Amino acid sequence: MKFDVLTIFPEMFSAFFREGILGRAVNSGIIDFGITNIRDFAMGKHKAVDDRPYGGGDGMVMKPGPIYRALKSVDRADDRSLVILLSPQGVRFDQATAWELSGWEQLILVCGRYEGIDERIRLAYIDREISIGDYILSGGEVAAMTLVDAVGRLIPGVLGGKRSNLEDSFEEGLLEYPQFTRPRVFQGKVVPSVLLSGDHGKIRLWRRRESLRRTLERRPDLLKKDLLSNEDEAILANLQGGP
Ligand code: 4GX
């Protein structure tokens, strides 16, 4: 999988692609990336990438020319590559979208700044417009990083067998259970004794119950009945009946 990022702030991505599990995947060759500075494709003495909006109004709009030339400069894996614009007007990004995007050979991510990009670029060259959530960022860079992070960890080999992504209870539409590590007593608070019992059947059941409890309390919208086993239904009935 290759991620190509088009941005006027290329340095925001150097540490991002170097560190953590993504950095390891890049070093081992599972993931490749390219960073293209849109400003390198700007013209004139001032290398302007933005201009005033036709029709007036506040703010600036990214000029079409530099983005067009930056896109053209990217080496395309033709029919296996997708050009994505990050914007609040896009389709909301979620785990299902992350899985779908992980099947492409190359994702080309266009990071807008200011009030956005010229509509003619969006119409002619953008395959998908994606939003990471209902809030306003100051640019598409952090949104692109979020997408790369979520998609990158789904590429086979990136998690390095440490733990399969399918083990995440989020993949089943549930929130994760609480985690504890040493010491057993911290500021007078003890680790739930079941986790020290060595009884793996009881531990699995306790964790499942805590996942269901959290999901019910915090994200009842995630509780899609069809993904719940008979055991889950029983635990949920019990949770709703008592404490
Ligand atoms: N999820 N922003 C992009 C500028 C912009 C506007 C329109 C292209 C078209 C955001 C989000 C987000 C703020 C990034 C506006 N670029 N991106 N930027 N939420 O808020 O993705």
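None of the values given here were measured: they were computed from a predicted structure. (Residues numbered from 1 in each chain as written. Predicted model: local features only at pLDDT ≥ 70, side-chain atom pairs only at ≥ 80, totals over all residues. Heavy atoms only, no water.)

### A word on the site of the ligand
Note the following rule: Whether a residue is near a molecule or strand depends on its heavy atoms: if one lies within 4 Å, it is near. Under this definition, polar contacts are N or O atom pairs within 3.5 Å; protein pairs additionally need one hydrogen-donor-capable and one acceptor-capable atom, and for neighbouring residues in sequence, both atoms have to be side-chain atoms. For every accessible area listed, the method is Shrake-Rupley and the probe measures 1.4 Å; residues are considered covered only by the protein chains on display. Each helix is a run of H or I in the DSSP string that is no shorter than four residues. Each strand is a run of E no shorter than two, and both are numbered from the N terminus.
In the vicinity of the ligand there are 20 residues, among which Pro88, Ile132, Gly133, Tyr135 and Leu137 approach most closely. Between the ligand and Ile132, the relevant distance is 3.0 Å, taken from a nitrogen atom to a main-chain nitrogen or oxygen of the residue. With respect to the ligand, the backbone of Tyr135 contributes an N or O atom lying 3.0 Å from a nitrogen atom. Taking 460 Å² as the accessible area of the ligand by itself, protein coverage stands at 94%. Counting only elements with at least two residues in the shell around the ligand, the list comes to β5 (81–92) and β7 (128–131). In terms of residues, the shell around the ligand owes the most to one element, β5, which gives five residues.

### Let's talk about the packing of aromatic side chains
Put simply, the test is: Here the aromatic set is Phe, Tyr and Trp, taking the six-membered ring for Trp, and pairing holds for ring centres within 6.5 Å; pairs whose planes are under 30 degrees apart are stacked, those over 60 apart are edge-to-face, and all others are tilted. Remark: exposure states derive from per-residue accessible area (1.4 Å probe, protein chains only) relative to the maximum for the residue type, with buried under 20%, exposed over 50%, and partly exposed in between.
Applying the stated rule across the entire model yields five aromatic pairs. On the numbers, 6.4 Å between centres and 80° between planes, the contact of Phe13 with Phe16 is edge-to-face. With a gap of three residues between them, Phe13 and Phe16 both fall in helix α1 (residues 11–18), about one helical turn apart. Since its relative accessible area comes to 18%, Phe16 is described here as buried.

### A few points about helix α7 (residues 200–218)
Put simply, the rule is: Each residue after the first adds 1.5 Å to the expected span of a helix. Pairs of residues are marked as contacts when any of their non-hydrogen atoms sit within 4.5 Å.
Over its 19 residues, α7 runs 27 Å from end to end, which matches the ideal 27 Å to within 8%, given 1.5 Å per residue. Of all the residues in α7, the buried ones are Ile203, Trp206, Arg208, Glu210, Ser211, Leu212 and Thr215. Packed against the buried residues of α7 are α8 (230–241). Measuring from the backbone nitrogen of Gly201 back to the side-chain oxygen at the start of α7 gives 3.2 Å, which picks out Asp199 as the cap.

### Observations concerning helix α3 (residues 64–73)
Note the threshold: Think of the arc as the fan of directions from the helix axis to the C-beta atoms.
Taken residue by residue, α3 has Pro66, Ile67, Ala70 and Leu71 as its buried positions. For α3, the arc enclosing every buried residue in end-on projection is 130°, short of the 170-degree limit, so these residues lie on one face. Taken together, the buried residues of α3 touch β1 (2–7), β2 (32–37), β4 (61–62), β5, β6 (106–111) and α5 (119–125).

### Describing unusual backbone geometry
Between Arg182 and the following residue, Pro183, the backbone shows a cis peptide bond with an omega angle of 5°. You can see Pro183 is positioned in the loop between α6 (141–152) and β8 (185–186). A positive phi is found at Tyr114, a non-glycine position, where the angle reads about 55°. Its location among the elements puts Tyr114 in the loop between β6 and α5.

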